[in-house]
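Notes for the structure review
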Amino acid sequence: MIGLDTNVLVRYLTRDDPTQSAAAIKLLRSFSSESKGFLSLIVLIETTWVLQTSYGFKKNQLEEVVEALLRSQELTVERSDLAWQALRTFSASRADFSDCLIERCSHAAGCFYTATFDRAGSTAGMRLLA
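Keep in mind that what you see is a predicted model, and the values were worked out from it rather than measured.

Attention now moves to the packing of aromatic side chains. Within the structure shown, the criterion is met by one aromatic pair. Consider the rings of Phe-90 and Phe-97, whose centres lie 6.0 Å apart with planes at 85°: the pair is edge-to-face. Given the relative accessible area of 3%, Phe-90 is considered buried. Owing to a relative accessible area of 3%, Phe-97 belongs among the buried residues under this scheme. The ring of Tyr-12 has Arg-15 sitting right over it, with the charged end atom 5.0 Å from the ring centre. Sitting over the ring of Phe-90, Lys-59 keeps its end group 4.8 Å from the ring centre.

Cut-offs applied
Residues numbered from 1 in each chain as written. Predicted model: local features only at pLDDT ≥ 70, side-chain atom pairs only at ≥ 80, totals over all residues. Heavy atoms only, no water. Phe/Tyr/Trp six-rings, centres within 6.5 Å; stacked < 30°, edge-to-face > 60°. Buried < 20%, exposed > 50% of the residue type's maximum accessible area, 1.4 Å probe, protein only. Lys NZ or Arg CZ within 6 Å of the ring centre and 35° of its normal.

Below is the structure:
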């Protein structure tokens, strides 16, 4: 298995740099169900943040990207169960994907709740701290 950094995944998804994108495409196309690439939760969060803030991706586009990554037979996503839960919450709330995943990770770790100052984050199940 080969782990992917955020910048490799972003080059693959955006194809905005001819040289780096070509290398990223070649690497990702080399993966198979027997020889997978690996995405950590950090890479998943960073990728959605970069696509939103630097490339102007809208919520529905981010949902499509995350779902496609999770469905890929050529990639293993760390704690994909939590990522799927976060994606469902993201789709139904005003929170960023990162907030949804943070809340799901905290829940899975047995936390009573996840405290936040972010009103949008509170729509993902976090508790707003006054």
